[in-house]
Amino acid sequence: MGDQVLESVHDILGPGPDSSGPQVTEIPGSNGVLIDQPLAIGQEFPDVDTCRRTLKEIAIALHFEIRIVKSDRSRFIAKCSKEGCPWRVHVAKCPGVPTFTIRTLHAEHTCEGVQSLHHQQASVGWVARSVESRVRDNPQYKPKEILQDIRSQHGVAVSYMQAWRGKERSMAALHGTFEEGYQLLPAYCEQVRKTNPGSIASVATGQENCFQRLFVSYRASIYGFLNACRPLLELDRVHLKGKYLGMLFCAAAVDANDTLFPLAIAVVDVESDENWMWFMSELRKLLGVNTDSMPRLTILSERSAGMVEAVETHFPNAFHGYCLRYISENFRDTFKNSKLVNIFWNAVYALTTAEFESKVSEMVEISQDVLQWFHHFNPQHWAVAYFEGLRYGHFSLGITEVLYNWALECHELPVVQMMEHIRQQVTSWSNDRRNMGMRWTSILVPSAEKRISEAIADARCYKVIRANEIEFEIVSTERTNIVDIRSRVCSCRRWQLYGVPCAHAAAALISCGQNAQLFTEPCFTVHSYRETYSQMIYPIPDRSMWKEDGEGTEGGGANVDIMIRPPKTRRPPGRPKKKVLRIESLKRPKRVVQCGRCHMLGHSQKKCSLPS
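Residues numbered from 1 in each chain as written. Predicted model: local features only at pLDDT ≥ 70, side-chain atom pairs only at ≥ 80, totals over all residues. Heavy atoms only, no water.

The chain appears in an unreviewed UniProt entry as SWIM-type domain-containing protein from Anisodus tanguticus.

Okay, structure coming up:
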């Protein structure tokens, strides 16, 4: 019958009122083997609900079904569901205390028990209690896995809907309902501002007090970006697939070691131009007066209309670059020519306009339509040779993968728990990187050191001609480049684009006895890396400790007394419908009929109007 199941039943019951333990009797199980029955007269239960749950656990473990005869505030009577079987238990309330005790017990079974895998006591509530520990450890626990585990552990078959509802009930017991999550947002924002002074946390509602927007940015993230990160931001979003759908927006910076540094996170009801305008407006407020002392920002995103317009409106002086993953996929899908795609990538990474135009000419020889595509996708937003901002080698959006992982890990959680999961992960990243940065003893971070080492190795094959104190002529078999070590400029443009001395610059610096590492941009130093993670993100206390009497709208948040309702973008019931599109239909043109008599297209000989 499974020792583990019986042990769990014994754990639920605990010892009996007698120090010697409850009297143990034996009953025949469904396979005819005598099984210990962990019930005894005098056994006590804290309340009638515990008694009811315990008897259900025993019935499932020992494979018999019970029928409740009477259940009220003072007594609980149950018998075996099989006619003629004498098994029966009578539990009554003890006088003056809330506990219940077994008064009468007929522990013998004469029936064969449950012969099938289906069990009447295996209700949704029982499933929820059975999987609660697994769901706590793994919110991604799937109903299909629940079915398999319950069958292997308990020998009981439950339906997919029972497993799904059981998980939903267990998740609600552990984390609260989705509806409660939206109601807690004003208090949560207040806790963020209270525990992390200087942070921004605000929630906004739409019509009928339905949730519309949530914006959170921690002071530690704001400080790290403004004081140590390079002036580069990535923007992206991901669909949330919880009960009420929605979108997760994120703006992320890049630290000295080229890892992502989340700056601001928002949840909105739908992706719209209005919500993108609001998000960029909040981001602009976050930077505030500090943007005047910062270099011009470079903002990377996809080429969606809402993003483009919002960036142009709130950051008109920023350089807006497009994600190359999006641009290249559009080019590939438009032309479907591998040779053309290879030349396109060479054009993307061309450092000078002359190299870029040369690659464009090669593409035009293959297809004249390339010029029209370039008119639609302006190279100023994605080509290295024409982009005026500094991307520091970041051409695709790294934040995309992070967002998809967050959406995958949190889609079963209410919005407050989702934000807490994200905060805990960002805090963990910060702590790990802070500790790692303290162990480094070099001037530059490892990623920059690697690039400098490669540049120094390549510099050995160059001939250096010194023109004056600051200008050098670097001669190679391919071409000659001019380096200015005071302005930190090389005619190949790699030094000024990537912020790290190129091989030509390294050759010039080595020739005059300079340390090439000292000519790297400050944003690549270990000092900048440590400064990025110098501030702490403090934990949010458990919601049971939140004060109900909030401080109103202080710090830009909504009043905690507002009852926020869920958004109206609720997930439709059932499995999402998918449009099946055959690959062959994309490759094969539709067959056109040609008449064999008049040789005209569109009809056959049978329908031809000419006489035969």
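Enquirer: Any chance you could explain helix H19 (residues 503-511) here in plain terms?
Expert: Owing to its 3.6 residues per turn, the α-helix brings residues three or four apart onto one side. Burial analysis of H19 places 7 of its 9 residues in the buried class, which makes it a mostly covered element. Residues of H19 that are buried: Ala503, His504, Ala505, Ala506, Ala507, Ala508 and Leu509. Residues of H19 that are buried make contact with helix H17 (446-459), strand S15 (463-466), strand S16 (471-475), strand S17 (480-484), strand S18 (489-490) and helix H18 (494-498). Positive backbone phi, at 75°, marks Gly513, one or two positions downstream of H19. (Buried < 20%, exposed > 50% of the residue type's maximum accessible area, 1.4 Å probe, protein only. Helix = DSSP H or I, 4+ residues; strand = E, 2+ residues; numbered from the N terminus. Contact = heavy atoms within 4.5 Å.)

Enquirer: How should the packing of aromatic side chains be read in this particular structure?
Expert: All chains considered together, the criterion is met by 31 aromatic pairs. In this structure an aromatic cluster arises from ring pairing among Phe331, Phe335, Phe344, Trp345, Tyr349, Phe356, Trp373, Phe374, Phe377, Trp382, Tyr386 and Phe395. Over the ring of Tyr392 we find Arg230, and its NZ or CZ is 5.3 Å from the ring centre. Over the ring of Phe377 we find Arg303, and its NZ or CZ is 4.5 Å from the ring centre. (Phe/Tyr/Trp six-rings, centres within 6.5 Å; stacked < 30°, edge-to-face > 60°. Lys NZ or Arg CZ within 6 Å of the ring centre and 35° of its normal.)

Enquirer: I keep staring at the nonpolar core and nothing clicks. Help me out?
Expert: Generally speaking, soluble globular proteins have nonpolar side chains that are buried together. Membership of the largest hydrophobic core comes to 60 residues, with the highest contact counts inside it found for Phe225, Phe279, Met280, Leu283 and Val483. If one sorts the elements of this core by residue count, helix H9 (residues 273-287) sits on top with 7 residues. Setting aside residues up to four positions removed in sequence, Phe279 forms contacts with Phe215, Leu235, Phe249, Cys250, Ala251, Ala264 and Ala266. By size, the runner-up hydrophobic cluster in this structure holds 58 residues, among which are Val131, Cys250, Leu397 and Met418. (Core = buried A, V, L, I, M, F, W, Y, C linked by side-chain atoms within 4.5 Å.)

Enquirer: How should the pairing of strand S12 (residues 260-268) be read in this particular structure?
Expert: Counting buried positions along S12 yields 9 of 9 residues, so the element is predominantly enclosed. With 4 bridges connecting them, strand S9 (residues 211-217) and S12 associate as antiparallel partners. Residue Leu214 lies in a different strand from S12, and its bridge partner there is Val267. Where strand S11 (residues 247-254) lies against S12, 8 bridges are found, and the strand directions are antiparallel. Note on S12: the bridge partner recorded for Ala252 is Pro262. The turn linking S11 back onto S12 is made up of 5 residues, and Asp258 within it adopts a positive phi angle of 70°. (Pairing = 2+ DSSP bridges.)

Enquirer: Mind showing me how you'd approach the sheet that holds strand S4 (residues 66-71) here?
Expert: Backbone hydrogen bonds are what pair the strands of a sheet, in a parallel or an antiparallel way. Here 5 strands make up an open sheet; going across it, the order is S3-S7-S6-S5-S4 and the pairing antiparallel. Pairing within the sheet leaves two strands with one partner each, and these edge strands are strand S3 (44-45) and S4. Judged from the 5 bridges that link them, S4 and strand S5 (residues 75-80) form a sheet pairing that is antiparallel. If you follow Ile68 over to S5, its bridge partner there is Ala78.

Enquirer: What's the story with the sheet that holds strand S14 (residues 319-322) in this structure? I'm lost.
Expert: In space, the 7 strands of this open sheet follow the order S8-S9-S12-S11-S10-S13-S14, with mixed pairing throughout. If you trace the sheet from one side to the other, it starts and ends with strand S8 (200-205) and S14, each paired once. Between one strand and the next, the sheet's axes are offset by a mean angle of 20°, whatever the strand orientation. Strands in contact with helix H16 (residues 415-439) are S9, S11 and S12; relative to S12, the strand with the most contacts, it is inclined by about 175°. (Axes fitted to C-alpha atoms, helices over the stretch in contact; angles between N-to-C directions.)

Enquirer: What am I meant to see in the pairing of S14 here?
Expert: The side chains of a regular strand alternate, first on one face of the sheet and then on the other. Across the two faces of S14 the burial is the same, with Phe319 and Gly321 and His320 and Tyr322 all buried. Here 4 bridges tie strand S13 (residues 298-301) to S14, and the two strands are oriented parallel to one another. Paired with Thr298 across the bridge in S14 is Phe319. In this region the chain leaves S13, passes through helix H10 (residues 305-314) and returns to the parallel neighbour S14; the handedness of that crossover is right-handed. (Right-handed = clockwise from strand over helix to strand, strands pointing away.)

Enquirer: Hey, could you run me through the confidence of the model for the chain in this one?
Expert: Regions with low pLDDT should not have their predicted coordinates read in detail. Looking at the chain, pLDDT values average 82 and 84% of them are 70 or higher. With pLDDT under 50 throughout, residues 579-591 is counted as low confidence; its partners more than four residues away or in other chains account for 1 contact. (pLDDT = per-residue confidence, 0-100.)

Enquirer: Where do I start with the packing of helix H11 (residues 324-335) against helix H12 (residues 338-348) in this structure?
Expert: Describing two packed helices takes the angle between their axes plus the distance from one axis to the other. H12 packs onto H11 with a crossing angle of 150° between their chain directions and a minimal axis gap of 10 Å. Relative to H12, H11 is oriented roughly antiparallel. Seen along the crossing, H11 lies across H12 with a hand that is right-handed. Where H11 approaches H12, its residues Leu324, Ile327, Ser328, Phe331, Arg332 and Phe335 are matched on the opposing element by Leu340, Val341, Phe344, Trp345 and Val348. Its residues assigned to classes, the contact of H11 with H12 shows 9 nonpolar, 1 polar and 1 charged. (Parallel < 35°, antiparallel > 145°, perpendicular 65-115°, else oblique. Left-handed = near helix turned anticlockwise from the far one by under 90°. Nonpolar A, V, L, I, M, F, W, Y, C, P; charged D, E, K, R; others polar.)

Enquirer: Please clarify how the pattern of salt bridges should be interpreted in this entry.
Expert: Should the charged atoms of two oppositely charged side chains come close, the side chains can pair. Evaluated as defined, the whole model comprises 17 salt bridges. Between Lys285 and Glu282 there is a salt bridge, and its shortest N-O distance comes to 3.3 Å. Here Lys285 and its partner Glu282 are both found in helix H9, 3 residues apart, which amounts to about one turn of the helix. Lys285 sits in the exposed class, given a relative accessible area of 56%. (Salt bridge = Lys/Arg side-chain N within 4 Å of Asp/Glu carboxyl O.)

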